[in-house]
Amino acid sequence: MVRYGEHGLRYTRARQLAASAMETMVTDARNLRQRMLLIDQEFFMLPGDQLPNRDRIREDHRELRDRVTRLTTRGEEGTIAATIGRAQFRTLEQDASLLLSLCKRILACGTE
């Protein structure tokens, strides 16, 4: 049984999105760019108050959001797709590393 500790059910959606993102990044057989594009965009756009306020989660989430929304769109694609689609591999690696670290910390808040 999962215990939610001091955070109660408040961050349930953040944990659900983090678990899904983690699963995609770790288990999907596609390349890094494709896995990053598969992540529910809601995860990147969560408001800070829907995230635990500890272990730099809010700050790192804001940094990740800024990193994956820094380019303008082309045609029908969204900002996240534009940024990830045009990113260099080294940038994708850095974004993925931050994403996995962030997901791990969010999920840890639900098991205290």
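Just so it is clear, the structure is predicted and the values come from calculations on it, not from any experiment. Note on numbering: residues in each chain are counted from 1, in written sequence order. The model is predicted, so local features are restricted to residues of pLDDT at least 70 and side-chain atom pairs to those at 80 or more, both for listing and for counting; the totals for chains, interfaces and linings are taken over all residues. Where side-chain values are given, they derive from all heavy atoms of the structure, hydrogens and water being excluded.

Caption draft 1: Just unusual backbone geometry, in detail. With a phi close to 50 degrees, Asp55 is a non-glycine residue in the positive phi region. By definition, any uninterrupted DSSP run of H or I lasting at least four residues is a helix, any uninterrupted run of E lasting at least two residues is a strand, and each is numbered from the N terminus. Checked against the element boundaries, Asp55 lands in the loop between α3 (41–45) and α4 (57–68). Unusually for a residue other than glycine, Arg56 sits at a positive phi of about 60 degrees. Topologically, Arg56 is positioned in the loop between α3 and α4.

Caption draft 2: Fine view of the environment of Asp60. In this structure, Asp60 sits in helix α4. Asp60 gets classed as buried once you look at its relative accessible area, which sits at 10%. For the pair Asp60 and Leu98, spaced 38 residues apart in sequence, the C-alpha to C-alpha distance is 7.5 Å. In this structure Asp60 touches Leu98, Leu102 and Arg105, once residues within four positions along its chain are discounted. Note on exposure labels: buried denotes an accessible area under 20% of the residue type's maximum, exposed denotes more than 50%, and partly exposed covers the range between, all computed with a 1.4 Å probe on protein chains only. In this description, contact between two residues means that some pair of their heavy atoms is separated by no more than 4.5 Å.

Caption draft 3: The environment of Lys104, seen in detail. Within the fold, Lys104 resides in helix α6 (residues 89–108). On a C-alpha basis, the gap between Lys104 and Arg15 in space is 9.5 Å, while along the polypeptide they are 89 residues apart.

Caption draft 4: How the structure looks around the pattern of salt bridges. Here, a salt bridge means any side-chain nitrogen of Lys or Arg that lies within 4 Å of a carboxyl oxygen of Asp or Glu. In the structure shown here, the tally under the stated rule is nine salt bridges. The closest approach of N and O atoms between Arg105 and Asp60, which form a salt bridge, is 2.9 Å. Taken together, the positions of Arg105 in helix α6 and Asp60 in helix α4 put the pair 45 residues apart, joining distant regions of the chain. The salt bridge partner of Arg86 is Glu77, with a shortest N-O separation of 3.5 Å. Given a relative accessible area of 33%, Arg86 falls into the partly exposed group. A relative accessible area of 26% places Glu77 in the partly exposed class. Several salt bridges share partner residues, and in doing so they unite Arg13, Asp40 and Glu42 into one network.

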